[in-house]
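# Structural overview
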Amino acid sequence: MFSRLKLYSLYLSLFCLAILASCSPKGPYAVTNKVYKDKTKGYVAAIQREAPDSLRDSTGGMIPSAWVGTVNFGIRKPNFVIIHFTAQDSLQQTLKTFTITSTQVSAHYVIAKSGKVVRMVNDYLRANHAGAGRWGSVTDMNSCSIGIEIDNNGNEPFTGAQINSLLALLAQLKKNYNIPTANFIGHEDFAPKRKPDPGPFFPWKTLAQHGFGYWSDDILELPPDNFDYAIALRLIGYDTSDINAAIVAFKRHFVQTDVSRQLTQLDLNVLYNVYGKYCKF
Ligand SMILES: [Zn+2]
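Described in the following lines is the structure provided in the data block. What you see is a predicted model; the values in this text were computed from it and never measured. (Residues numbered from 1 in each chain as written. Predicted model: local features only at pLDDT ≥ 70, side-chain atom pairs only at ≥ 80, totals over all residues. Heavy atoms only, no water.)

## Considering the overall build of the protein
Which entries qualify depends on this criterion: Strands here mean DSSP runs of E at least two residues long; helices mean DSSP runs of H or I at least four residues long; both are numbered from the N terminus. Our radius of gyration looks at C-alpha atoms and nothing else; its globule reference is 2.2 Å times the residue count to the power 0.38. Throughout this description, buried means an accessible area under 20% of the type-specific maximum (1.4 Å probe, protein chains only), exposed means over 50%, and partly exposed covers the range between. The criterion used for residue contact is that any of the two residues' heavy atoms lie within 4.5 Å. Calculation of accessible area relied on Shrake-Rupley with a 1.4 Å probe; when residues are assessed, cover is drawn exclusively from the protein chains displayed.
Tallying secondary structure elements over the protein gives nine helices and seven strands in all. For 281 residues, the compact-globule estimate of 2.2 N^0.38 gives 19 Å, and the protein exceeds it by more than 25% at 25 Å. Each principal axis of the C-alpha atoms in the protein carries an extent, and together these give about 105 × 60 × 35 Å. Each of the 281 residues in the protein was classed as buried or not, and the buried ones make up 39%. Intrachain contacts of the protein at a sequence separation of at least 6 include 64% that bridge at least 24 residues. Counting only carbon and sulfur atoms, one obtains 57% of the accessible surface of the protein, whose full area is about 16900 Å².

So this is what it looks like as structure tokens:
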């Protein structure tokens, strides 16, 4: 009798465990991970679509079209890296922000203060990190870039572990996608009217020493008398439709000790030097 009871309670425990296992999600992001998987399946279908869009000429007549698959093609690669700070207080808060639909924002990678790298979107897909802005003639930066968010509230230094992880990640991205040195920039550079990140605490000099973005030389020349700072900013890539915003963005990135709207002689020397690197003279 006793053993039958024991067996019964064992079956009951197993039954309860089975119910629990089937109900409890596998970790806190099980639901959003499933949404991610389902969305990627939708994009696979879009990639596999073969028939061209129908075209009409100026009289409204249908232009003949056909599909013939080539055998020589690949997948498009990102060509820029945009660096951000999260402006949030913790990694958990950022992961939450990027896993709810109401925010409509995301990034390919988030780097925790510990140096842990969290990947949230495959490199070949488009994350919503750059938004409206302009760099050179690129306006849809999300379509051609990798977005990296660094856990930082905007008013504190970045941790050594974060920068070490970032350098390793950038090296991998640069190698995998052959991203030019000039194309490692900040959100502040792409959207000077809207965004201050990653701000003056960010170690751009260290990045430049490793081949990610540029930094001015130690010895600076005076620019020539006819040097036009607005044209130089525009040729580097800045949106100069609001020249004060462009100056502040440039100083956040390349001067860092002072981010006012004034261009001092030192700022002009730095600008002339950096302009030479971007425009290769
Ligand atoms: Zn940003």
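## Some points on the sheet that holds strand β7 (residues 184-186)
Inclusion rule: By definition, two strands form a pair when at least two bridges between them are found by DSSP. Under this scheme, a helix contributes an axis fitted over its contacting stretch, all axes are lines through C-alpha atoms, and angles between N-to-C directions fall in the 0 to 180 degree range.
Taken together, five strands build an open sheet; the order of strands is β5-β4-β6-β3-β7 and the sheet is mixed. Only two strands of the sheet have a single partner each, and these edge strands are β5 (117-119) and β7. Across the sheet, the mean angle separating the axes of adjacent strands is 25 degrees when strand polarity is ignored. Alignment of strand β3 (residues 80-85) against β7, held across three bridges, turns out to be parallel.

## Notes on the packing of aromatic side chains
Convention followed: Paired rings are identified among Phe, Tyr and Trp, the last through its six-membered ring, by centres lying within 6.5 Å, and are further divided according to the angle between planes into stacked (under 30 degrees), edge-to-face (over 60) and tilted (the rest).
The final tally for this structure, using the stated rule, is 13 aromatic pairs. For the pair Tyr214 and Tyr278, a centre-to-centre distance of 5.0 Å together with 80 degrees between the ring planes defines the contact as edge-to-face. One end of the pair, Tyr214, is in the loop between α6 (204-209) and α7 (229-236); the other, Tyr278, is in helix α9 (residues 265-279), and 64 residues separate them in sequence. Measuring from centroid to centroid gives 5.2 Å for Phe227 and Tyr272, while their planes differ by 75 degrees, and the two rings are edge-to-face.

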